[in-house]
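# Tertiary structure, described
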Amino acid sequence: MGYVVREEWHKHYADGKNFRQLGEAERALLAEHTPVPDGGGRALDVGCGTGGLALHLSCLGYLVDAVDFADSAIERARTEHADMEGVRWLRLDIEREDLVELHQDGYDLITLRLAYPFLRDRSRTLHALGERLRPGGALVVITPTAEHTPKERRDIALDEGEIRLLTAGWGRAERLEADGLAVLVLRGPRNVGTTAVEKQPPTGHALTGALAVVTDEAGRVLLGRSTRGMWELPGGKTSGSEDFASAAVRELAEETGLTASVCDAYVVAMLADDSHGVPRLTAAVRITAWSGTLTNRETSLFERWEWHDLHGLAHAGNIFTPSAQTLDAIWPGVIPGLPPVHTYPLAVAQPPVPGEPAEAVRRRHAMAEAVIAGGWAPSERVQDALRAVPRHRYAPERDLKTAYDDLAVVTRLDGTGKPTSSVSAAWLQADMIESLQLEAGSVVHEAGSGGYNAALLAHVVGPNGRIVTGDIDPYIVYRTRRLTTEAGSKDVTAFHGDAALGAPAHLVPRSGFDATVITYNVWDIAPAWREQLAEGGRLVLPLEIGGYTRAITFRRAGNVLHAERFTHCGFIRAQGEHARIIPVVDLLGGELRLRFEDGDPAPTEGLEEALRGPRHEIATGVKMGSGFYFGSLQLYAATTLPCFCRLSAHWDKGTGVTLIAKDGDAPAILGDSPADREWEWVVHAFGEQGPQLAQQLAATVRAWDRDVRDGDNPGLTVHPAGTPDHLLPAGDVVDRPLSRMVFQWPGRDMLLRTPVEHCGTPAATAEGT
């Protein structure tokens, strides 16, 4: 009965054979420990066979998805229970196929009756099923145990070590008994982490070894469950003068039965650490092609071998330390919190390694179609890139749903928990790439790396183009190199450096880059970006103006950058030379905070007293519907008002001083409202100068309403720092250390030739009411 091949199970059920029938003791335990939630529940029965348990769950009141990978089992279940409602019969390989047919909102109960011992990749499958449990749900495994199973049939049972592994990490695990079967009721969430562990102290003075990293057709990595109670990669010590690649290939065959050529084995990094004080040198060997049938050839050392999802490695339990470090060397970031190790990357021409699950293809195309439908990717080149480039391979630590949601995916945090690197939202990446107006063969500079955006760019410019991507964090550079290599993104060159200084000279084309894209928030524009850009080339960057960010497309004309397009966005803030601290002043014991986004803090003496005093209110008469986009008002106020700052509320203390919503800010905030409701901008001002300040801010809102509201974004040119006033066009000038920005709004032609003096007590805010 220890079948593992689908055809064997198909024949079993086709021949009219059954399985052990559901007993009364099992029925009673299920009714007692997994009652149907109020209002009904949904259950998933994995390995349903001919449907006995599925029918019982349906009679209890569950809506049931019953799945089995044997065609004959599902055919019999449908025929024998044709009149049964409430059960959906699905022919599905829960381990290998796309689970799109399962309910995406999860299940209250998942059962594996007499099925768990037959799973090939038990840990991965259990983790994947656990992720589908609804809050408060239970996963129930009903299984024979080795203790009560004849020796010749132990392959259908679990021993105590397997049961401990199965129940580890769950929020609550109950073990019950029913007619000689173990009934394991597991409730979550399953939070088992990953711990790097060592073996017994070595006997030598130094250790050298090689570990083989092998993936299957779905991109899953092979790990063995050792008799020491940990997961390990195939591999071991080198022998004599044997090289590391040969050792990895030899050990792979000896332990798993899989064969590979040394020509397909690449030493991509050397890892140096110690084991119990003994120096240890481990070669991380990537196997790019292999053949054979997976078997356990060293049963004294390994209990079994399984294929693991990369995003599940952070929840695998105990992993042998060199194996964990090797996995992290191949896919940086997949296992957090590892012991320190010195990693020496090797420059090798490793070919890409194919492999992805069908679910990834489905989700990638769905993401691409959503971006295209939103109008963010009108060109065929960008559309093709979205459909072709495997986004999940640039966020290997994330599950497929997260990787393909059209949101930013954080991939690195600093010591305080703040994001320092991410994969940006796909719609925004597509929009910025479209703004570059790339042609086949273009050479593009990307400042702020990560891999996926560079891969999209590489796909757009084609095989004759080139992408030069840099980052200030050496870890991100290494990660980008590894992930682009693994996925096969050709013509991507990653370098380590501060993007504010531009790309290294030897990577800059003689005539300059055809385009440059900055993928982090910037407050100023580095001269190198203009100087390294070809005449007529385009620069796209997220520019902060008064604390508001827009992705702006510039075209170079000599020493001047001319803005062509604005997109509302937000990115991780700059590090290195472009990093800056925003002056902040806390008010009213921290209830309010004044942020001076574009300069030094103004004097705030008397401001708290003014805030506690009378509030002056002026209605502007400017109204708009709840769905109206007022982003241009933010920029208009930030670039035309002297003393511009932002007043934000941080927690509720019951004072109601400003009427600003918690975590909101002024002068531009709106709350949720019915679609047909209209809002009016009202100015609130405080202090003796409040009425005059209110009039000034109200006048700004009215001017925006009159001249800008229904128009485009402002004209904007960026000039080198030090450009004399008389060489600037008419407009509102915003000076930065490295550049002079001139905003040209309709109805305004002024040129501010001297620095704006700070106001005494800025105390006017604009809100929608």
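Summary of the structure given here.

Quick notes on the rules
Residues numbered from 1 in each chain as written. Predicted model: local features only at pLDDT ≥ 70, side-chain atom pairs only at ≥ 80, totals over all residues. Heavy atoms only, no water. Helix = DSSP H or I, 4+ residues; strand = E, 2+ residues; numbered from the N terminus. Buried < 20%, exposed > 50% of the residue type's maximum accessible area, 1.4 Å probe, protein only. Contact = heavy atoms within 4.5 Å. Areas by Shrake-Rupley, 256 points an atom, 1.4 Å probe, with all protein chains shown as cover. Core = buried A, V, L, I, M, F, W, Y, C linked by side-chain atoms within 4.5 Å. Pairing = 2+ DSSP bridges. Axes fitted to C-alpha atoms, helices over the stretch in contact; angles between N-to-C directions. Right-handed = clockwise from strand over helix to strand, strands pointing away. Phe/Tyr/Trp six-rings, centres within 6.5 Å; stacked < 30°, edge-to-face > 60°. Salt bridge = Lys/Arg side-chain N within 4 Å of Asp/Glu carboxyl O.

### Things to note about the overall build of the protein
The secondary structure content of the protein amounts to 18 helices and 36 strands. Expressed as a percentage of the 769 residues in the protein, the buried residues total 56%. Within the protein, contacts between residues at least 6 apart in sequence are counted, and of these 66% link residues at least 24 apart. Summed over its atoms, the accessible surface of the protein is roughly 32600 Å², and 51% of this surface lies on carbon and sulfur atoms.

### Considerations on the nonpolar core
If you look at the biggest cluster of nonpolar residues, it comprises 66 residues, and the most contacted ones within it are Trp331, Leu386 and Leu438. Sorting elements by how many residues they give to this core places helix H13 (residues 452-461) first, with eight residues. Phe630, Ala637, Met741 and Phe743 belong to the second-largest nonpolar core, a separate cluster that totals 45 residues.

### Topic: the sheet that holds strand S20 (residues 443-447)
Taken together, ten strands build an open sheet; the order of strands is S22-S21-S20-S23-S24-S25-S26-S33-S35-S34 and the sheet is mixed. Two strands bound the open sheet, and with one partner strand each, they are strand S22 (492-496) and strand S34 (732-735). Mean inter-strand twist for the sheet, computed between neighbouring axes without regard to direction, equals 20°. In this structure, S20 lies alongside strand S21 (residues 466-471), joined through five bridges in parallel fashion. In the strand pairing of S21, alanine 447 is matched with glycine 470. Along the sheet, helix H14 (residues 474-487) contacts S21 and S22; its crossing angle with S22, the most-contacted strand, is approximately 165°. Across the face of the sheet, helix H17 (residues 631-640) comes into contact with strand S24 (533-545), strand S25 (548-557), strand S26 (560-568), S34 and strand S35 (739-744) while running at roughly 75° to S25.

### Here's the deal with the pairing of S22
In the sheet, S21 pairs with S22 via five bridges, with the strands oriented parallel. Counted as the bridge partner of glycine 470 is phenylalanine 495 from S22. Chirality of the crossover, the property in question, places the unit of S21, H14 and S22 among those that are right-handed.

### Side note on the packing of aromatic side chains
This structure, assessed with the given rule, holds nine aromatic pairs. Between phenylalanine 19 and phenylalanine 118, the aromatic rings sit 6.4 Å apart at their centres with planes inclined by 70°, giving edge-to-face as the arrangement. Taken together, the residues phenylalanine 19 in the loop between helix H1 (6-14) and helix H2 (24-33) and phenylalanine 118 in the loop between strand S4 (107-113) and helix H5 (122-130) connect sequence positions 99 residues apart. Under the relative-accessibility criterion, phenylalanine 118 is labelled buried at 13%. A centroid spacing of 5.1 Å and a plane angle of 85° characterise the contact between tyrosine 636 and tryptophan 745, whose relative ring orientation is edge-to-face. In this pair, tyrosine 636 is assigned in helix H17 and tryptophan 745 in the loop between S35 and strand S36 (764-768), connecting sequence segments 109 residues apart. Each member of the pair, tyrosine 636 as well as tryptophan 745, carries the same accessibility label: buried. Among the aromatic residues, those joined into a ring-pair cluster are Trp9, Tyr13, Phe19 and Phe118.

### Section: the sheet that holds strand S2 (residues 62-68)
Spatial ordering of the open sheet is given by S3-S2-S1-S4-S5-S7-S6, a layout of seven strands whose pairing is mixed. The open sheet has two edge strands, strand S3 (87-91) and strand S6 (172-178), and neither has a second partner. Each adjacent strand pair in this sheet contributes to an overall mean axis angle of 15°, direction not counted. Note that strand S5 (residues 133-144) and strand S7 (residues 181-187) share seven bridges and pair antiparallel. Of the residues in S7, the one forming a bridge with proline 144 is leucine 181. H5 contacts strand S1 (41-46), S4 and S5 of the sheet and is inclined by roughly 145° relative to S5.

### Considerations on the pattern of salt bridges
The full count for this structure, using the stated rule, is 47 salt bridges. With its nearest N and O atoms 2.9 Å apart, the salt bridge here joins glutamate 160 to arginine 175. One end of the pair, glutamate 160, is in helix H6 (residues 160-167); the other, arginine 175, is in strand S6, with 15 residues separating them in the sequence. One salt bridge in this structure joins arginine 530 and glutamate 531, with 3.9 Å as the shortest N-O distance. For glutamate 531, a relative accessible area of 52% puts it in the exposed group. Each member of the salt-bridge network shares a partner with another, and the members are Arg122, Glu162, Arg304 and Glu306.

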